[in-house]
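What follows is each chain in one-letter form.
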Amino acid sequence: PGAPDPLAFAFLGPLVGSLLRVVAGPVSDKLGGARVTHYAGLGMVACALTVPLYTSPTSMADFPLFVAAMLGLFAFAGIGNASTFKQMPMIFPPRQAGGVIGFTAAIAAYGPFLFGMLFGAAIGAYGSPNVVFYGLSVFFAFNVALNWWMYARKGAATPC
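Definitions and limits used
Residues numbered from 1 in each chain as written. Predicted model: local features only at pLDDT ≥ 70, side-chain atom pairs only at ≥ 80, totals over all residues. Heavy atoms only, no water. Helix = DSSP H or I, 4+ residues; strand = E, 2+ residues; numbered from the N terminus. Buried < 20%, exposed > 50% of the residue type's maximum accessible area, 1.4 Å probe, protein only. Contact = heavy atoms within 4.5 Å. Areas by Shrake-Rupley, 256 points an atom, 1.4 Å probe, with all protein chains shown as cover. Salt bridge = Lys/Arg side-chain N within 4 Å of Asp/Glu carboxyl O. 1 Å grid on protein atoms, 1.4 Å probe; cavity = no way out; pocket = protein on both sides within 12 Å on 5 of 7 lines; lining within 4 Å. Points joined across faces, edges and corners; volume = space filled by probe spheres on them. Nonpolar A, V, L, I, M, F, W, Y, C, P; charged D, E, K, R; others polar. Core = buried A, V, L, I, M, F, W, Y, C linked by side-chain atoms within 4.5 Å. Patch = residues over 30% accessible without salt bridge, like charges linked within 9 Å, V, L, I, M, F, W, Y side chains within 5 Å. Expected span 1.5 Å × (residues − 1). Axes fitted to C-alpha atoms, helices over the stretch in contact; angles between N-to-C directions. Parallel < 35°, antiparallel > 145°, perpendicular 65-115°, else oblique. Left-handed = near helix turned anticlockwise from the far one by under 90°.

Engineer: If you had to explain the overall build of the protein chain to someone new, which residues and values would you point to?
Structural biologist: Secondary structure summary: the protein chain contains six helices and zero strands in total. Tracing the protein chain from N to C terminus, the helices and strands come up as α-α-α-α-α-α. Overall size of the protein chain, expressed as C-alpha extent along the three principal axes, is 55 × 30 × 25 Å. In the protein chain, which comprises 160 residues, the share counted as buried stands at 32%. Put simply, 70% of the contacts in the protein chain that link residues at least 6 apart link residues at least 24 apart. Total accessible area computed for the protein chain in this model is approximately 9700 Å², and 74% of it derives from carbon and sulfur atoms.

Take a look at the structure:
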């Protein structure tokens, strides 16, 4: 009782993610896409592990923490989106880079559908979305390690 309407806050995630994507583009140009992607991925791991702490609130005091963790997830996703798109032209030959960027953007458009299905299935099977967040944290950690090995570490085969 007295809980805020979650739909009143739903627009904040995409807003924060899209704004930070714009900001992170020039930062990625300056610092390098791989480095920014690395830190964005670590932030996503941390936020994905934090969100489940607040999916079963014990008081209204948990709501701002839940919102902050979710906004952090969207923020780091926006930053990682910009930095990943910075990396693609550096990884692929010029004639392939445009196609890879277009293909990646097209696949990303399925994200809302896929995540809606994942969360619905998790809530149906487990009564909670937490399993999705734990799975995402493992996936994000794998991608951080892969990005570091292939592109961010000193001596990487394709530094970017």
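Engineer: I'd like a rundown of the side chain of Ser28, residues and numbers included.
Structural biologist: Examined against the element boundaries, Ser28 turns out to sit in helix α1 (residues 12–31). Contacts of Ser28, omitting those with residues within four sequence positions, involve Gly33, Val36, Ala82, Ser83 and Lys86.

Engineer: Could you give an account of the pattern of salt bridges, naming the residues involved and the relevant values?
Structural biologist: Close approach of charged atoms allows side chains with opposite charge to pair. Evaluation of the coordinates by the stated rule reveals one salt bridge. Of the charged contacts in the structure, one is a salt bridge between Asp29 and Lys86, with a shortest N-O distance of 3.7 Å. One end of the pair, Asp29, is in helix α1; the other, Lys86, is in helix α3 (residues 62–91), with 57 residues separating them in the sequence. Accessibility expressed as a relative area gives 53% for Asp29, which makes it exposed.

Engineer: Outline the layout of surface pockets, supporting the account with residue identities and numerical values.
Structural biologist: Where empty space is left becomes clear once a probe the size of a water molecule has been rolled over the atoms. As a volume, the second largest pocket reaches approximately 150 Å³. Around the second largest pocket, the lining residues are Leu31, Gly32, Ala34, Arg35, His38, Tyr39, Tyr151, Ala152 and Cys160. Contributing elements (two or more residues each) for the lining of the second largest pocket: α2 (33–50) and α6 (130–152). For the lining of the second largest pocket, the element with the most residues is α2, which contributes four residues. Tallied by class, the residues present in the lining of the second largest pocket amount to six nonpolar, two polar and one charged.

Engineer: Go over the nonpolar core with me, naming the residues and quoting the values.
Structural biologist: Val51, Leu73, Phe133 and Phe140 are the most contacted members of the largest nonpolar core, which totals 13 residues. Elements represented by at least two residues in this core include exactly α2, α3 and α6. Sequence-distant contacts of Leu73, that is, excluding residues within four places in its chain, are made with Met44, Cys47, Ala48, Phe133 and Phe140. The next biggest cluster of nonpolar side chains, apart from the first, holds five residues, and it includes Ala24, Val36, Ile79 and Ala82.

Engineer: Provide a residue-level description of a nonpolar patch on the surface, including the pertinent values.
Structural biologist: A contiguous nonpolar patch, built from Phe113, Leu114, Phe115, Met117 and Leu118 and spanning about 490 Å² of accessible area, is present on the exposed surface. Look at Leu114 and you get partly exposed, because its relative accessible area is 46%.

Engineer: I'd love a proper account of α2, names of residues and values included.
Structural biologist: Between its first and last C-alpha atoms α2 spans 25 Å; for 18 residues at 1.5 Å apiece the expected length is 26 Å, and the two agree. For α2, the complete set of buried residues consists of Gly33, Ala34, Val36, Thr37, His38, Ala40, Gly41, Gly43, Met44, Val45, Cys47 and Ala48. Residues of α2 that are buried in the fold lie against α1, α3 and α6.

Engineer: Go over the packing of α2 against α3, please, and point to the residues and values.
Structural biologist: At a minimum axis distance of 8 Å, the contact between α2 and α3 shows a crossing angle of 155°. The angle between α2 and α3 places the two elements in the roughly antiparallel class. Every pair of crossing elements has a handedness; the one defined by α2 and α3 is left-handed. Of the residues in α3, those touching α2 at Gly33, Ala34, Val36, Thr37, Tyr39, Ala40, Gly43, Met44, Cys47, Ala48 and Thr50 are Ala69, Gly72, Leu73, Phe76, Ala77, Ile79, Gly80, Ser83, Thr84, Lys86 and Gln87. Partitioned by chemical class, the residues of the contact of α2 with α3 number 12 nonpolar, nine polar and one charged.

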